[in-house]
Amino acid sequence: MRILFAGTPETAVPALQLLHHEGFDIAGVLTRAPAAQGRKRILTPSPVHRVATELGIPVLTPRTLKDGAIQEQIAALSPEAVAVVAYGLIIPPALLNVPRHGWINLHFSLLPRWRGAAPVNYAIAAGDTTTGTSVFQIEQGLDTGPVFASEATQIGEEETAGELLARLAQSGARQLSDTLHAIAAGTAHAQPQSGEVTLAPQFDSSWARVNWEWPAQRVADRVRAANPAPGAWTTLNGQRFKIESVGVRALETPEGTAKHVSLAPGEISPGGMVGCGEGTIQLRRVAPPGKAHMDASAWLNGARLAAHTRFDSEVKEGQHD
């Protein structure tokens, strides 16, 4: 099958590599234009751009697909299908019917749960224990098209968004390849989505701010959901304080038995426990203002916090939906 591949981040690389390895005729790769990165704002090609170049595949980097010139370029490549993994640009109706098999998308959730740009983050933040991947036909609605295949997986109790996404990228690559093979063979059958619809829209860093009025498990889930990006954070004395890893557990006494600790929301104990709306969390790795991530114990030893020191709890209403 002659295909185009559309993808941008590291998450899309396993699928591109597998499709190339399995002999698909990849006429070209669509990816986002190079973006400025680092303090020096150096224009850097996307991970998919870099790998496509290494594989000798032509690369197109339009800033929009609504332009007539890029639409003509895509049509001229005569793809039978377009394989999409985390591409990042809206596909206009004029392009949906260019390939006779359409645009086939690998999505990192069990649709229709978590339609949108950040399904893995929202699944973890919501406390989901199961998620998966779906391969579906793109139509004009947001992730609304019929599904060719889906595969469920358990979310680890302490698995971060980055870890889960890397795992789904590998299993999803195989699922996408199998679906394209089935489409080429004429044996693929897409089914309409059914079930509760939930949305996972793109978010900014305010989504990752910890609300200490939440129950401890919800705080821990949000920390995992925001790792590695944008990174969970709070403020201490008005300065941003990053939180990379926490645990939910009771304080252990010297005798090894659990002990209830009464801490106000945001209050930090000498041992690194922090009060929540219900229960407490244990700080594991943090990044104090202006410093790199470190073990929380190292920070506490150097910080010598006054008794009853609290993280700030001022959070705008609706900020963490």
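Quantities reported herein were computed from a predicted structural model and do not represent experimental measurements. (Residues numbered from 1 in each chain as written. Predicted model: local features only at pLDDT ≥ 70, side-chain atom pairs only at ≥ 80, totals over all residues. Heavy atoms only, no water.)

Caption draft 1: Spatial organisation of the nonpolar core. Core analysis: the largest hydrophobic core is formed by 67 residues, its most contacted members being F5, L176 and L283. Take this core: its biggest share by element is 7 residues, from helix 6 (residues 161-185). The two domains that each donate at least three residues to this core are domain 1 (2-200) and domain 2 (206-303). Excluding residues within four positions of it along the chain, F5 makes contact with A12, A15, L16, L19, I26, G28, V29, L30, V48, A83 and V85. Residues A27, I91, L111 and I138 belong to the second largest nonpolar core, which totals 20 residues. (Core = buried A, V, L, I, M, F, W, Y, C linked by side-chain atoms within 4.5 Å. Buried < 20%, exposed > 50% of the residue type's maximum accessible area, 1.4 Å probe, protein only. Helix = DSSP H or I, 4+ residues; strand = E, 2+ residues; numbered from the N terminus. Domains from an automatic or database assignment. Contact = heavy atoms within 4.5 Å.)

Caption draft 2: Spatial organisation of the packing of aromatic side chains. Here the structure, examined in full by the defined rule, presents 7 aromatic pairs. Ring geometry for W114 against Y122: centres 5.7 Å apart, planes inclined by 35°, an arrangement best described as tilted. In this structure, W114 and Y122 share a single accessibility class: buried. Taking 5.1 Å as the distance between ring centres and 50° as the angle between the ring planes, the aromatic pair formed by F241 and F311 counts as tilted. Of the two residues, F241 is situated in strand 11 (residues 239-247) and F311 in the segment after helix 8 (296-303); the sequence distance between them amounts to 70 residues. There is no split in this pair, since F241 and F311 are both buried. Members of the aromatic cluster, connected to one another through ring pairs, are W114, Y122, F203 and W207. The cationic tip of R222 hangs over the ring face of W207; the distance from NZ or CZ to the ring centre is 4.2 Å. (Phe/Tyr/Trp six-rings, centres within 6.5 Å; stacked < 30°, edge-to-face > 60°. Lys NZ or Arg CZ within 6 Å of the ring centre and 35° of its normal.)

Caption draft 3: Looking closely at the layout of surface pockets. One number sums up the size of the largest pocket: a volume of about 1,200 Å³. Forming the boundary of the largest pocket are 41 residues, of which A86, G88, G116, A117 and A118 lie nearest the centre. Sorting the residues of the lining of the largest pocket by element identifies strand 7 (103-107), helix 5 (119-125) and helix 6 as the ones contributing at least two each. Inspection of the lining of the largest pocket shows a minimum of three residues originating in each of domain 1 (2-200) and domain 2 (206-303). Examining the composition of the lining of the second largest pocket, we find that 5 residues originate from one element, helix 7 (residues 216-225), more than from any other. Taken together, the residues that form the lining of the second largest pocket break down as 6 nonpolar, 8 polar and 8 charged. Counting the residues that make up the lining of the second largest pocket, at least three belong to each of domain 1 (2-200) and domain 2 (206-303). (1 Å grid on protein atoms, 1.4 Å probe; cavity = no way out; pocket = protein on both sides within 12 Å on 5 of 7 lines; lining within 4 Å. Points joined across faces, edges and corners; volume = space filled by probe spheres on them. Nonpolar A, V, L, I, M, F, W, Y, C, P; charged D, E, K, R; others polar.)

Caption draft 4: Seen up close, the environment of A188. Considering the arrangement of structural elements, one finds A188 in the loop between helix 6 and helix 7. Remark: the alpha-carbon pair of A188 and A149, spanning 39 residues in sequence, is separated by 9.0 Å. Once residues within four sequence positions are removed from consideration, A188 is found in contact with F148, T179, A182 and I183.

Caption draft 5: Geometry of the side chain of T31. Within the secondary structure layout, T31 lies in the loop between strand 2 (25-30) and strand 3 (35-37). Under the relative-accessibility criterion, T31 is labelled buried at 0%. Polar side-chain contacts of T31 include one of 2.7 Å to the side chain of S46. Once you skip the residues sitting within four places of it in the chain, T31 turns out to touch G7, T8, S46, V48, H49, V59, L60, T61, P62 and Y87. (Polar contact = N/O pair within 3.5 Å; in protein donor to acceptor, adjacent residues only side chain to side chain.)

Caption draft 6: Representation of the domain arrangement of the protein within the structure. Once the domains are mapped, the protein shows domain 1 (2-200) and domain 2 (206-303). Domain 1 and domain 2 are separated by 35 Å when their C-alpha centres are compared. Contact residues are listed per partner, giving 13 residues for domain 1 and 9 residues for domain 2. When domain 1 packs against domain 2, the two sides together hide about 860 Å² of surface, and 49% of this comes from carbon and sulfur. The largest per-residue losses of area from domain 1 upon contact with domain 2 belong to I124, A125 and E158, which jointly make up 43% of the total buried on that side. Inspection of the region where domain 1 meets domain 2 yields 1 salt bridge. A salt bridge links R284 to E158, with the shortest nitrogen-to-oxygen separation between them at 2.9 Å. Within the residue set of the side of domain 1 that touches domain 2, elements represented by two or more residues are helix 5 and helix 6. Counting residues per element, the side of domain 1 that touches domain 2 draws most heavily on helix 5, which supplies 4 residues. (Buried area = accessible area lost by both parts, 1.4 Å probe. Salt bridge = Lys/Arg side-chain N within 4 Å of Asp/Glu carboxyl O.)

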